[in-house]
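# Per-entry structural report
Letter by letter, the chains look like this.
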Amino acid sequence: MNVIIRDTYEEMSRYAAGIIASLVRQKPDCVLGLATGSTPIGTYRELVRMHKEEDLDFSQVKTFNLDEYLGVGMDLGKPYNMDQSYARFMHEELFKHINIKKENIHIPDGLTKNPEEFCKAYEEEIRKAGGIDLQLLGIGRDGHWAFNEPGSSLASRTRVEVLTKQTLDDNYESFYKKAGIPRDQMPHFAITMGIGTILEARNILMLANGRRKASVVAKALEGPVTSQITASAIQLFKGGVTVVLDREAASELKNVEHYIHREKLLGTFSFNSINE
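What comes next is a walk through the structure.

Calculation notes
- Residues numbered from 1 in each chain as written.
- Predicted model: local features only at pLDDT ≥ 70, side-chain atom pairs only at ≥ 80, totals over all residues.
- Heavy atoms only, no water.
- Helix = DSSP H or I, 4+ residues; strand = E, 2+ residues; numbered from the N terminus.
- Buried < 20%, exposed > 50% of the residue type's maximum accessible area, 1.4 Å probe, protein only.
- Contact = heavy atoms within 4.5 Å.
- Areas by Shrake-Rupley, 256 points an atom, 1.4 Å probe, with all protein chains shown as cover.
- Phe/Tyr/Trp six-rings, centres within 6.5 Å; stacked < 30°, edge-to-face > 60°.
- Pairing = 2+ DSSP bridges.
- 1 Å grid on protein atoms, 1.4 Å probe; cavity = no way out; pocket = protein on both sides within 12 Å on 5 of 7 lines; lining within 4 Å.
- Points joined across faces, edges and corners; volume = space filled by probe spheres on them.
- Nonpolar A, V, L, I, M, F, W, Y, C, P; charged D, E, K, R; others polar.
- Axes fitted to C-alpha atoms, helices over the stretch in contact; angles between N-to-C directions.
- Parallel < 35°, antiparallel > 145°, perpendicular 65-115°, else oblique.

Secondary structure summary: the protein contains eight helices and ten strands in total. Among the 276 residues that make up the protein, the fraction classed as buried is 55%. Taking contacts inside the protein between residues at least 6 apart in sequence as the whole, the part at least 24 apart equals 79%. Surface summary for the protein: the accessible area is close to 12500 Å², and the carbon and sulfur share equals 49%.

Tallied over the entire structure, the rule returns five aromatic pairs. With a centroid separation of 4.9 Å and 50° between ring planes, the pair formed by Tyr 69 and Tyr 86 is classed as tilted. Here the residue Tyr 69 occupies a position in strand S4 (residues 67-69), and Tyr 86 occupies one in helix H3 (residues 86-93), the gap between them amounting to 17 residues. Exposure class is identical for Tyr 69 and Tyr 86. Each is buried. Summarising the aromatic geometry, the rings of Tyr 69 and Phe 147 are spaced 5.6 Å apart at their centres and angled 45° between planes, so their arrangement reads as tilted. Taken together, the residues span a long stretch of sequence, with Tyr 69 in strand S4 and Phe 147 in the loop between strand S6 (134-137) and strand S7 (159-162) at a distance of 78 residues. Just as Tyr 69 is buried, Phe 147 falls in that class too.

The next thing to look at is the sheet that holds strand S3 (residues 62-65). If you walk across this open sheet you meet the seven strands as S1-S10-S9-S6-S2-S3-S5, and the pairing is parallel. Of all strands in the sheet, those with a lone pairing partner are strand S1 (2-6) and strand S5 (105-106), marking the two edges. Inspection of the sheet shows strand S9 (residues 203-208) paired to strand S10 (residues 240-246) by six bridges, in the parallel sense. Paired with Leu 207 across the bridge in S10 is Val 244.

So, about the pairing of S1. Along a regular strand, successive side chains alternate from one face of the sheet to the other. For S1, the buried fraction is high: four of the five residues fall into the buried class. Two strands pair when backbone bridges link them, and S1 and S10 are joined in this way by five bridges, in the parallel orientation. Bridged to Asn 2 within S10 is Thr 242.

Estimated volume of the largest pocket: approximately 490 Å³. Lining the largest pocket are 27 residues; nearest its centre among them are Thr 36, Gly 37, Ile 139, Gly 140 and Lys 213. The element best represented in the lining of the largest pocket is helix H5 (residues 165-176), accounting for five residues. Residues belonging to the lining of the largest pocket are distributed by class as follows: ten nonpolar, twelve polar and five charged.

This brings us to the packing of helix H2 (residues 41-54) against H3. Close contact between H2 and H3 brings their axes to 10 Å; oriented N to C, the two are set at 40°. Classified by the angle between their axes, H2 and H3 sit oblique to one another. Along its contact with H2, which presents Ile 41, Tyr 44, Arg 45 and Val 48, the element H3 presents Phe 89, Met 90 and Glu 93. Among the residues making up the contact of H2 with H3, the classes are represented as five nonpolar, no polar and two charged.

If you walk across this open sheet you meet the three strands as S4-S8-S7, and the pairing is antiparallel. A strand with exactly one partner marks an edge of an open sheet, and here the two such strands are S4 and S7. Within this sheet the neighbouring strands show an average axis-to-axis angle of 30°, counted without direction. Summarising the sheet, S7 and strand S8 (residues 189-192) pair through four bridges and their orientation is antiparallel. Note that in S8 the partner of Glu 161 across the bridge is Ala 190.

So, to be careful, I would describe these as geometric facts and stop short of saying anything about function.
Pasting the structure below:
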């Protein structure tokens, strides 16, 4: 596991974007697993800059998003603050700014009439695409990946999950409150890739920033593997793992000096450390 620590969120985001860009350049038809939330916004903005200024080409890239609220869907005819879907988030933060083909974008359908069948079909679409080359992940304050809430099986597949109070509180503050949407109108269910699905990616890139994530980052990376902190499954991952943190998110790691020393010895990231 490569743990990369940078002083600021901006430096962290540039580093993470560089990893993704290296994969896209070396494997133009790669399959990316993407995440939503505030953490990857800086990474997406840097990828957009690289597309516009450095000709980073997404025309052959396929993407699969981790999750979506159930009962919510993107309607581009509505004002932004009337649609808090993750589909819209991805459109606004990344897709409309790069040359990715619409047919290559896959996001769970929050408006599906048959969630169980949709979840099976989503897994099949990932399989047909050849699997995910690089899965981008954040981490929730309670240690969850995607919407795999505490107690989720570490072998779980794409499914409907009931959201915890912690997740509802965090997402309300991050998205719904600033959009002026009442808390009681938030969705309480979501479609999410499972932990087992995530662990089938060839590589994982996990991001975290800010002091409020420090405790759970330490538990996920250095604590016991447990379904109560689903991100701790990163310790079981057999592919290539890179965790990129800002200084505050890394502040409670016990082995922080070793991670810094290891990076100095190994040098900067190269695509050769990605599993193909």
